[in-house]
Amino acid sequence: MNISVLTIDGPSGAGKGTVSRAVAKRLGWHYLDSGAIYRSLAVAVLAQQVELTNSAAVVAVAQAMRLEFACQEELQIKLNETDITAQLPSETTGNAASLIAAYPAVRAVLLQKQKDFKQAPGLVADGRDMGTVVFPDACYKVYLTASSKERAKRRYKQLIKKGISANLEQITQEIDARDKRDSERAIAPLVAAYDALIIDSSDLMIDQVIEAVLSLVR
Ligand code: DC
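Caption draft 1: Structural view of the pairing of strand β1 (residues 4–9). With six of its six residues buried, β1 lies for the most part within the structure. Across the two faces of β1 the burial is the same, with Ser4, Leu6 and Ile8 and Val5, Thr7 and Asp9 all buried. Sheet topology places β1 next to strand β6 (residues 122–127); six bridges connect them, and they run parallel. Following the sheet pairing, Asp9 is matched in β6 by Gly127. Relative to strand β7 (residues 140–145), β1 runs parallel, the two being bridged by four bridges. Within β7, the position partnered with Thr7 by the bridge is Lys141.

Rendered as structure tokens:
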């Protein structure tokens, strides 16, 4: 059966999560938050006090971890039967995720877990390499970006809203460092697929971005 896939890639804080969830809901399609998979692995690695630089040990954690996704109002994730949803958004988790995501063997282990999300009637897949590596044959591809200043502001507001303390200047620096690492890594770097529609959301309202993406699918 032909299952439609819409990929939404881009740097952190570009609005991919909000846009992807809204579009998936409007289309009645499944939603893959691939960043949450890398973040869950980071939580497992940190909890087991495995060195982030020990790639073989990180791969072993990736192979052993059991993840369960439940999507009610909000995405809920269980790691080895423990709810870790609240630990996913922090910058500590995000930065650790970005570090371990650079290991080719880690990406290889997590690849099939991501592909398994492709189910009828369709999938909206959000990440860095959805349109280039995980679903290169996707029917619709978007690369959503925004200036790093704007993205840092959005991430700051998001964290504050979740009750997590944050510092705008530090977030800006972390976003720049994370962009650099995600874009320059040798495997599956953050890059727009050649056939992706590029949307710069710096000066757009979120509803305008959602409509632009929906009109691509329609
Ligand atoms: O989208 P996010 O901020 O939740 O992702 C956290 C980190 O995970 C990101 O900095 C890099 C990594 N990641 C990745 O390498 N590939 C993906 N498809 C998604 C996330």
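Structure shown, so let's carry the discussion forward.
Caption draft 2: Geometry of the sheet that holds strand β3 (residues 67–71). Strand order in this open sheet of three strands is β3-β4-β5, and the pairing throughout is antiparallel. Every interior strand has two partners, whereas the edge strands, β3 and β5 (82–83), have only one. With five bridges joining them, β3 and strand β4 (residues 75–79) adopt antiparallel strand pairing. Residue pairing across strands places Cys71 opposite Leu75, the latter belonging to β4. Where helix α2 (residues 34–47) meets the sheet, its contacts fall on β3 and β4, and the angle it forms with β4 comes to roughly 35 degrees.

Caption draft 3: Highlighting the pattern of salt bridges. Inspection of every chain in the model, using the stated rule, returns 13 salt bridges. One salt bridge connects Glu91 with Arg178, and the closest N-O pair in it is separated by 3.8 Å. Taken as a pair, Glu91 in helix α4 (residues 91–100) and Arg178 in helix α8 (residues 168–184) lie far apart in primary sequence, 87 residues in all. Judged on exposure class, the residue Glu91 and its partner Arg178 are both buried. The closest approach of N and O atoms between Arg107 and Asp129, which form a salt bridge, is 2.9 Å.

Quick notes on the rules
Residues numbered from 1 in each chain as written. Predicted model: local features only at pLDDT ≥ 70, side-chain atom pairs only at ≥ 80, totals over all residues. Heavy atoms only, no water. Buried < 20%, exposed > 50% of the residue type's maximum accessible area, 1.4 Å probe, protein only. Helix = DSSP H or I, 4+ residues; strand = E, 2+ residues; numbered from the N terminus. Pairing = 2+ DSSP bridges. Contact = heavy atoms within 4.5 Å. Axes fitted to C-alpha atoms, helices over the stretch in contact; angles between N-to-C directions. Salt bridge = Lys/Arg side-chain N within 4 Å of Asp/Glu carboxyl O.

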